[in-house]
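Spelled out from the first residue to the last, the chains are:
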Amino acid sequence: MKKFKISIKDFENLDEIEKVNEPLKENNDGEEESQEKIDLKEKIEKINDEYEKTTTRTYNGIEVPVAIEKDYEMPSLEQTTQKATGEIEPLYEAKKDAVISKGEIKNQALEDEKDELLKAVEDSLKTLNTSYDKAKDSASNEALKRGLARSSIILNQLGNLENGRVNATGEILSERDKNIAEFMDEVEKLKLEIDGELNVLTEEKVKKINERVEELVQKYKKEQDDVFEYNNKIRKEKADTIAKLKEAGIDATESNSEEYVKMISDKTSAFYSYYYSLGENAMSELKKDRQYVEEQIGERGYQALKRYFDK
């Protein structure tokens with residue numbers, strides 16, 4: 001095989017390398033890579049990383065700082081609204097739960113009070129009936145002792161006692177119904193009160209979300225303006241630097257920088273070492289890996305490697 005040697009001049013003259021027309025071949029997706037191939041790709045990746053981290057580009061010994069523009073995509077109104085809602089809504093959900101809980105406690109207190117009233121009414125009716133039953137029994141027993149069990153006097157007395165029971169029962173039930181109606185009014189009033197508080201909270205939440213959306217929109221606009229201003233500044237600085245280099249007869253394109261040439265040279269050396277180690281299989285493996293090689297060092301770099309392994 002031909003002895004491998006590459007220099008900056010090789011890269012300047014790559015256009016002069018004879019190219020052989022051949023179909024672009026890709027590795028089979030299911031083909032398992034050897035450890036040597038894995039090591040090669042890791043080395044290539046490391047060379048790329050080192051190049052990306054280099055903060056200058058050098059042209060004829062003149063170093064030019066690398067100006068990296070900032071990317072900024074302003075969030076959409078929908079995204080901004082979602083963010084604002086996510087910030088504001090939990091607070092108002094907690095307030096809403098507190099209002100509902102307060103309403104449930106008050107409503108339960110009214111229900112407990114109503115149950116106590118109904119129990120008191122039930123006890124009153126029992127006491128009333130017991131009292132009237134005893135009075136009737138007493139009157140009947142007294143009439144029997146006196147032999148007046150069927151007299152009009154005892155019958156009138158018993159009738160009067162029954163009428164008294166009916167009237168007293170009616171008064172108790174009437175008072176019960178009145179109190180129940182008042183309880184129902186209190187329950188309805190409480191419901192309206194809770195609904196009103198919830199409506200106020202909903203209105204406040206919508207207002208706060210809208211206010212937060214506006215704050216975020218202004219914040220994003222400022223960030224966008226700052227990035228735009230920064231990018232314009234470094235573009236101008238870069239353009240001024242390139243113009244000065246051009247006046248000095250220096251072509252300050254990326255591919256002409258010493259760092260770029262070194263990066264391509266290092267990767268080409270790595271490729272050469274790997275394919276050289278494959279011996280007689282070097283050319284067939286290189287053709288198989290053509291797409292990956294061209295992605296890393298370009299078509300001219302691929303053709304240069306082919307020249308080294310041509311027999």
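Residues numbered from 1 in each chain as written. Predicted model: local features only at pLDDT ≥ 70, side-chain atom pairs only at ≥ 80, totals over all residues. Heavy atoms only, no water.

Points about the pattern of salt bridges
Okay, so step 1: For the coordinates displayed, the defined rule picks out 21 salt bridges.
Okay, so step 2: Residue glutamate 69 pairs with arginine 235 through a salt bridge whose shortest N-O separation is 2.8 Å. In this pair, glutamate 69 is assigned in the loop between strand 2 (62–65) and helix 3 (77–146) and arginine 235 in helix 4 (residues 152–247), connecting sequence segments 166 residues apart.
Okay, so step 3: Residue glutamate 69 is classed as partly exposed on the basis of its relative accessible area of 37%.
Okay, so step 4: Take arginine 235: its relative accessible area is 40%, and that puts it in the partly exposed class.
Okay, so step 5: When the shortest N-O distance is used, the salt bridge between lysine 288 and glutamate 285 registers 3.3 Å. Of the two residues, lysine 288 and glutamate 285 are both situated in helix 6 (residues 282–288); the distance of three residues between them amounts to about one turn of the helix.
Okay, so step 6: Judged by its relative accessible area of 28%, lysine 288 is partly exposed.
Okay, so step 7: A network of salt bridges, in which partner residues are shared, links Lys83, Glu87, Arg212 and Glu215. (Salt bridge = Lys/Arg side-chain N within 4 Å of Asp/Glu carboxyl O. Helix = DSSP H or I, 4+ residues; strand = E, 2+ residues; numbered from the N terminus. Buried < 20%, exposed > 50% of the residue type's maximum accessible area, 1.4 Å probe, protein only.)

What to know about the packing of helix 5 (residues 258–276) against helix 7 (residues 290–309)
Okay, so step 1: In contact at an axis separation of 10 Å, helix 5 and helix 7 are set at 55° when each is read in the N-to-C sense. With respect to each other, helix 5 and helix 7 are oriented oblique. Crossing handedness for the pair helix 5 and helix 7: right-handed. On helix 7, the residues that touch Ile264, Lys267, Thr268, Phe271, Tyr272, Tyr275 and Tyr276 of helix 5 are Tyr292, Val293, Gln296, Ile297, Leu305, Tyr308 and Phe309. (Axes fitted to C-alpha atoms, helices over the stretch in contact; angles between N-to-C directions. Parallel < 35°, antiparallel > 145°, perpendicular 65-115°, else oblique. Left-handed = near helix turned anticlockwise from the far one by under 90°. Contact = heavy atoms within 4.5 Å.)

Quick notes on the confidence of the model for the protein chain
Okay, so step 1: Scored by pLDDT, the protein chain comes out at a mean of 84, with 84% of its residues at no less than 70.
Okay, so step 2: In the predicted structure, residues 23–28 sits below a pLDDT of 50 and forms 13 contacts with residues beyond four places in sequence or in another chain. (pLDDT = per-residue confidence, 0-100.)

Regarding the packing of aromatic side chains
Okay, so step 1: Applying the stated criterion across every chain yields a total of seven aromatic pairs.
Okay, so step 2: A centroid spacing of 6.0 Å and a plane angle of 70° characterise the contact between tyrosine 51 and tyrosine 260, whose relative ring orientation is edge-to-face. Here the residue tyrosine 51 occupies a position in helix 2 (residues 35–53), and tyrosine 260 occupies one in helix 5, the gap between them amounting to 209 residues.
Okay, so step 3: Of the residues examined, tyrosine 260 reaches a relative accessible area of 26% and is grouped as partly exposed.
Okay, so step 4: Here the aromatic rings of tyrosine 272 and tyrosine 308 are separated by 6.1 Å at their centres, their planes lie at 80°, and the arrangement is edge-to-face. Placement of tyrosine 272 in helix 5 and of tyrosine 308 in helix 7 is noted, with a sequence separation of 36 residues between them. Assigned by exposure class, tyrosine 272 and tyrosine 308 land together as buried.
Okay, so step 5: Each residue in the set Phe271, Tyr274, Tyr275 and Tyr292 is aromatic and connected to the rest through ring pairs, giving one cluster.
Okay, so step 6: The ring of tyrosine 292 is capped by lysine 41, whose NZ or CZ atom sits 4.9 Å from the centre of that ring.
Okay, so step 7: Geometry around tyrosine 92 places lysine 95 over its ring, the cationic atom sitting 4.8 Å from the centre. (Phe/Tyr/Trp six-rings, centres within 6.5 Å; stacked < 30°, edge-to-face > 60°. Lys NZ or Arg CZ within 6 Å of the ring centre and 35° of its normal.)

Here's the deal with helix 5
Okay, so step 1: With 19 residues, helix 5 should reach 27 Å at 1.5 Å per residue; the first-to-last C-alpha distance of 26 Å fits that figure.
Okay, so step 2: Listed in full, the buried residues belonging to helix 5 are Glu259, Val261, Met263, Ile264, Ser265, Lys267, Thr268, Ala270, Phe271, Tyr272, Tyr274 and Tyr275. (Expected span 1.5 Å × (residues − 1).)

Section: the pairing of strand 1 (residues 56–59)
Okay, so step 1: Burial along strand 1 is two-sided: the face carrying Thr56 and Thr58 and the face carrying Arg57 and Tyr59 are both buried.
Okay, so step 2: Relative to strand 2, strand 1 is paired through four bridges, and the arrangement is antiparallel. Along strand 2, the bridge assignment pairs threonine 56 with proline 65.
Okay, so step 3: Between strand 1 and strand 2, which follow one another and run antiparallel, lie two residues, and asparagine 60 among them has a positive phi close to 50°. (Pairing = 2+ DSSP bridges.)

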